[in-house]
Amino acid sequence: MPIVPASFFGIVLGVGGLGNAWRAAHDVWGLPSLVGELLLAAATLIWLCLLVLYAAKWIYARPAALAEINHPVQCCFVGLAGLTAMVIAAAVLRYSHSLAWLLFVLGFLYTIAFAVWLTGMLWEGGRDKTHTTAALYLPVVGGSFVAAAVVANLGYADWGELAFGAGAFTWLAIDAVLLHRLYTAEPMPPMMRPTLGIQLAPPTVGALAYINVSHGPPDLFIHAMLAYGLMIGVVLLRLLPWIRAQPFSVSYWGFTFGVTALATAPLRLIAHGETGPWALLAPYLFVGGNLIILLMTVATLRMLWQGRLWSVQ
């Protein structure tokens, strides 16, 4: 039985995020809806497989599971099990409102419980600043933004505002801490550099949450969030040769959470009346998001074929 790291749930975020992008492209440009539904079905199957394997890890390889949750960096990915449950809830909402509610509630309860536990541990201090990575965004920021977007789709935008507020202010706080670490501490070792890809997620996933919660026309705030996300994306492109010192592994899927959100948000803005720069950029961001997920998928399947997927995180 393969011992699955929690970071593997990042694959679900990438595939599911691209499925949502195709749903939005169908609504705006009339692209085939089947593509998005197949991608979301694939994300659901991947999530179910990973959930079973990760649960089995706690039963049959408990020392490995405990080592992961006590690791100063890998522990942040453990919350993805609940966050991805909410992503799947949004995927199945078109087919079953009750199943979507069940998945959302289970995912939200897990996410908030883990986020509170981890945040409390971080506040106790004693942490080496070199262990500060963008993975810190995942439990509270990622969980809050996804919860806000999904619960708004379920018809409770006012509750989504609470989740959005928690995620937004936590994002700003962690962003300052992370940038201070990048500016003042020693360079990240190659193994940790792919976590920088998660830096793209807060402004772009947060933008999707804001669109779902506000239901209004595009405004300055949403444009500013996406502009910040685009700026981070350009910086990451500039840093790609430096990041690539670490050979490809599943940790690179951390890029896809923000990449697919950046491809989806402009399409959602067009549906709300956007006619400015983001309407012009939307096709390029959509194509770019598809190419990145395609490359990630091919590289991952290649590792699986070579038998290296479970041995390299």
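Preceding block: the structure.
Okay, so let's go over this structure. (Residues numbered from 1 in each chain as written. Predicted model: local features only at pLDDT ≥ 70, side-chain atom pairs only at ≥ 80, totals over all residues. Heavy atoms only, no water.)

1. Focus: a nonpolar patch on the surface
Then, number 1: Where nonpolar side chains cluster on the molecular surface, the patch consists of Val-105, Phe-108, Leu-109, Ile-112 and Val-116 and spans about 410 Å² of accessible area.
Then, number 2: Along the chain, the position of Leu-109 falls in helix α5 (residues 97–123). (Patch = residues over 30% accessible without salt bridge, like charges linked within 9 Å, V, L, I, M, F, W, Y side chains within 5 Å. Areas by Shrake-Rupley, 256 points an atom, 1.4 Å probe, with all protein chains shown as cover. Salt bridge = Lys/Arg side-chain N within 4 Å of Asp/Glu carboxyl O. Helix = DSSP H or I, 4+ residues; strand = E, 2+ residues; numbered from the N terminus.)

2. Concerning the pattern of salt bridges
Then, number 1: Inspection of every chain in the model, using the stated rule, returns four salt bridges.
Then, number 2: With a shortest N-O distance of 2.8 Å, Arg-23 and Glu-37 are connected by a salt bridge. Residue Arg-23 is located in helix α1 (residues 10–29), and its partner Glu-37 is located in helix α2 (residues 33–60); the two are separated by 14 residues in the primary sequence. The two residues Arg-23 and Glu-37 agree in class, both being buried.
Then, number 3: Residue classification places Glu-37 among the buried residues on the basis of a relative accessible area of 16%.
Then, number 4: Several salt bridges share partner residues, and in doing so they unite Arg-23, Asp-27, Glu-37 and Arg-94 into one network. (Buried < 20%, exposed > 50% of the residue type's maximum accessible area, 1.4 Å probe, protein only.)

3. Here's the deal with the packing of helix α9 (residues 220–243) against helix α11 (residues 277–305)
Then, number 1: For the pair α9 and α11, interaxial distance at closest approach is 13 Å and the crossing angle is 40°. For the element pair α9 / α11, the angle class is oblique. When you trace α9 past α11, the crossing you get is left-handed. The segment α9 lies against α11, with His-223, Leu-226, Ala-227 and Leu-230 engaging Trp-278, Leu-281 and Leu-285.
Then, number 2: When grouped by side-chain class, the residues that make up the contact of α9 with α11 number six nonpolar, one polar and no charged. (Axes fitted to C-alpha atoms, helices over the stretch in contact; angles between N-to-C directions. Parallel < 35°, antiparallel > 145°, perpendicular 65-115°, else oblique. Left-handed = near helix turned anticlockwise from the far one by under 90°. Contact = heavy atoms within 4.5 Å. Nonpolar A, V, L, I, M, F, W, Y, C, P; charged D, E, K, R; others polar.)

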